[in-house]
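A closer look at the structure
The primary structure of each chain is shown beneath.
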Amino acid sequence: MVGKEADPAAALQRPDSFGRFGKFGGKYVPETLMYALTELEAAFKSLSTDHEFQKELDGILRDYVGRESPLYFAERLTEHYKRPDGKGPHIYLKREDLNHTGAHKINNAVAQALLAKRLGKKRIIAETGAGQHGVATATVCARFGLQCVIYMGAQDMERQSLNVFRMRLLGAEVRAVHSGTATLKDATSEAIRDWVTNVESTHYILGSVAGPHPYPMMVREFHAVIGKETRKQALEKWGGKPDVLVACVGGGSNAMGLFHEFVDDKDVRLIGVEAAGFGLDSGKHAATLTKGEARLPWVGPEHSFLKDVGRAEYYSITDEEALDGWRALSCIGDISCTGLSREAVPTLPDATKVVLNCSGRGDKDVQTAIKHLKL
Ligand SMILES: *Cc1c(COP(=O)(O)O)cnc(C)c1O
């Protein structure tokens, strides 16, 4: 079974009809949502071959989101990682931080809003943690004239007050969730409760490649533009493919968006980097793939699958390492974005083409960084 699924030719058929990637994923929801998920899957399937829909989406991605995003040769960063013999990898940055609202999230939000409109849904709900997905969703709702309710943990609202203000400015209602730990997990539960109640009028814009089928597949497809552009840009810039792709993994959407196009290219290494927080043994980390158990769905099922069959590699870095990387990228690469990792970089063969996905601007993390970086 595993051998068969590892067959690259099967990659594009994933997930199966139950939404399962190998032994991961599926559809475990209250009965009332089954119809909505089936309807969503059917709409997604028919719109992916609908020329008008694709044209409209491409136009908005170009003129509103600002695609395509550049593939930038980070000359000074490349210089920085050169070994004493002058050899080392060539580092390129895929600049998703330059998208409207400052991160990759809007690729998915804009496509789902357009899909919701086609389904005749006039009300949108979403969950948000740090507020980036909430801002992207509120933005596209303002663009398409859709009613917007964002669920956010009360704790997170306090930490990310600027994003709360941005959402409200965009006309969204931000509902504080006080239950549980008052963070993302609880906001997600509240959003699902709302969806169960208002499923007729409401579309749930889920923010990552997680949740029940068809979301992991659909969100992956809406971000796949990142990898498609990267292939084309690599061909233009050096006449070949990237050798190594590196992306940070929270829920896994920016990484899947970059990886998907190259899953069948076995000569391209796929590397996901998770947050190890205070360290893998501290109990305070988010390194699901490095340290978690197979039953805890904090990361998209396709990543679990890619790890399981050995197609992608996953590492983790601590907060301190992430801050170091951020600082290096800011002062050497002259770009401030999150998600940098130095994993594997120093030992790579000469002129290895490394593409690092710059998933977003680091604005939301600046307040936190101020406390820890002594400049
Ligand atoms: C939301 C976010 C992430 C994490 O989400 P993924 O689904 O793993 O991509 C990473 N970087 C930025 C800038 C984000 O806004």
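So, how was this worked out
Residues numbered from 1 in each chain as written. Predicted model: local features only at pLDDT ≥ 70, side-chain atom pairs only at ≥ 80, totals over all residues. Heavy atoms only, no water. Core = buried A, V, L, I, M, F, W, Y, C linked by side-chain atoms within 4.5 Å. Buried < 20%, exposed > 50% of the residue type's maximum accessible area, 1.4 Å probe, protein only. Helix = DSSP H or I, 4+ residues; strand = E, 2+ residues; numbered from the N terminus. Domains from an automatic or database assignment. Contact = heavy atoms within 4.5 Å. Buried area = accessible area lost by both parts, 1.4 Å probe. Salt bridge = Lys/Arg side-chain N within 4 Å of Asp/Glu carboxyl O. Polar contact = N/O pair within 3.5 Å; in protein donor to acceptor, adjacent residues only side chain to side chain. Pairing = 2+ DSSP bridges. Axes fitted to C-alpha atoms, helices over the stretch in contact; angles between N-to-C directions. Arc of directions from axis to C-beta. Near = heavy atom within 4 Å. Areas by Shrake-Rupley, 256 points an atom, 1.4 Å probe, with all protein chains shown as cover. Expected span 1.5 Å × (residues − 1).

What follows covers the nonpolar core. Soluble globular proteins tend to bury their nonpolar side chains together. Leu-115, Trp-195 and Tyr-215 are the most contacted members of the largest nonpolar core, which has 78 residues in total. A per-element tally of this core places helix H5 (residues 105-118) first, with eight residues. Residues lining this core come from more than one domain, with at least three contributed by each of domain 1 (24-60 + 105-220) and domain 2 (69-102 + 223-370). Sequence-distant contacts of Tyr-215, defined by excluding residues within four places in its chain, comprise Leu-37, Leu-40, Gln-112, Trp-195, His-203, Tyr-204, Leu-206, Ala-210 and Arg-220. Core analysis: the next-biggest nonpolar cluster, separate from the first, contains 15 residues, Leu-77, Ile-271, Leu-329 and Val-354 among them.

This brings us to the domain arrangement of the chain. The domain architecture assigned to the chain consists of domain 1 (24-60 + 105-220) and domain 2 (69-102 + 223-370). Centre-to-centre separation of domain 1 and domain 2, based on C-alpha positions: 25 Å. In this assembly, domain 1 packs against domain 2 so that about 1900 Å² is buried in total across both faces, 62% of it on carbon and sulfur atoms. The largest contributions to the domain 1 side of the interface with domain 2 come from Phe-24, Asn-107 and Arg-220, which together make up 38% of the buried area. Across the contact surface, domain 1 and domain 2 share one salt bridge. Arg-220 is the partner of Glu-302 in a salt bridge, and the nearest nitrogen-oxygen pair spans 3.1 Å. Where domain 1 packs against domain 2, one counts eight residue pairs in polar contact (both at pLDDT 80 or more).

Attention now moves to the sheet that holds strand S12 (residues 353-358). Taken together, the six strands give an open sheet; going across it, the order is S3-S4-S12-S9-S10-S11, and neighbouring strands pair in mixed fashion. Only two strands of the sheet have a single neighbouring strand rather than two, namely strand S3 (71-73) and strand S11 (312-317). Between one strand axis and the next, the sheet turns through 25° on average, direction left out of account. Pairing between strand S9 (residues 244-248) and strand S10 (residues 269-275): five bridges, direction parallel. Note on S10: the bridge partner recorded for Ala-247 is Gly-272. With respect to the sheet, helix H11 (residues 225-238) is in contact with S3, strand S4 (90-95) and S12, its orientation differing from that of S4 by roughly 140°.

Right, let's get into helix H8 (residues 161-169). Along H8, the residues that are buried comprise Asn-163, Val-164 and Met-167. One side of H8 holds all its buried residues, which, seen down the axis, span an arc of 105°. Exposed residues lying more than 90 degrees from the buried face of H8 are Leu-162, Phe-165 and Leu-169. Where H8 is buried, its residues touch strand S5 (123-128), helix H6 (132-144), strand S6 (147-153), helix H7 (154-159) and strand S7 (173-177). Residue Gly-171 follows H8 closely and has a positive phi angle near 95°.

Here the focus is the site of the ligand. Neighbouring the ligand are 15 residues, the closest being Lys-105, Ser-208, Gly-250, Ser-253 and Ser-359. His-104 places a side-chain nitrogen or oxygen 2.9 Å from an oxygen atom of the ligand. One of the backbone N or O atoms of Gly-251 is found 3.1 Å from an oxygen atom in the ligand. In isolation the ligand offers 380 Å² of accessible surface; the protein chains occlude 87% of this area.

Given a rise of 1.5 Å per residue, 15 residues ought to cover 21 Å, and the 20 Å separating the end C-alpha atoms of helix H3 (residues 51-65) matches this to within 8%. Within H3 the residues assigned to the buried category are Phe-53, Leu-57, Gly-59, Ile-60, Leu-61 and Val-65. Looking at the packing, one finds that the buried side of H3 touches helix H2 (31-47), H5 and H6. N-capping of H3 is provided by Asp-50, with a side-chain oxygen placed 3.0 Å from the backbone N of Glu-52. After H3 finishes, the residue Gly-66 shows a positive phi value of roughly 95°.

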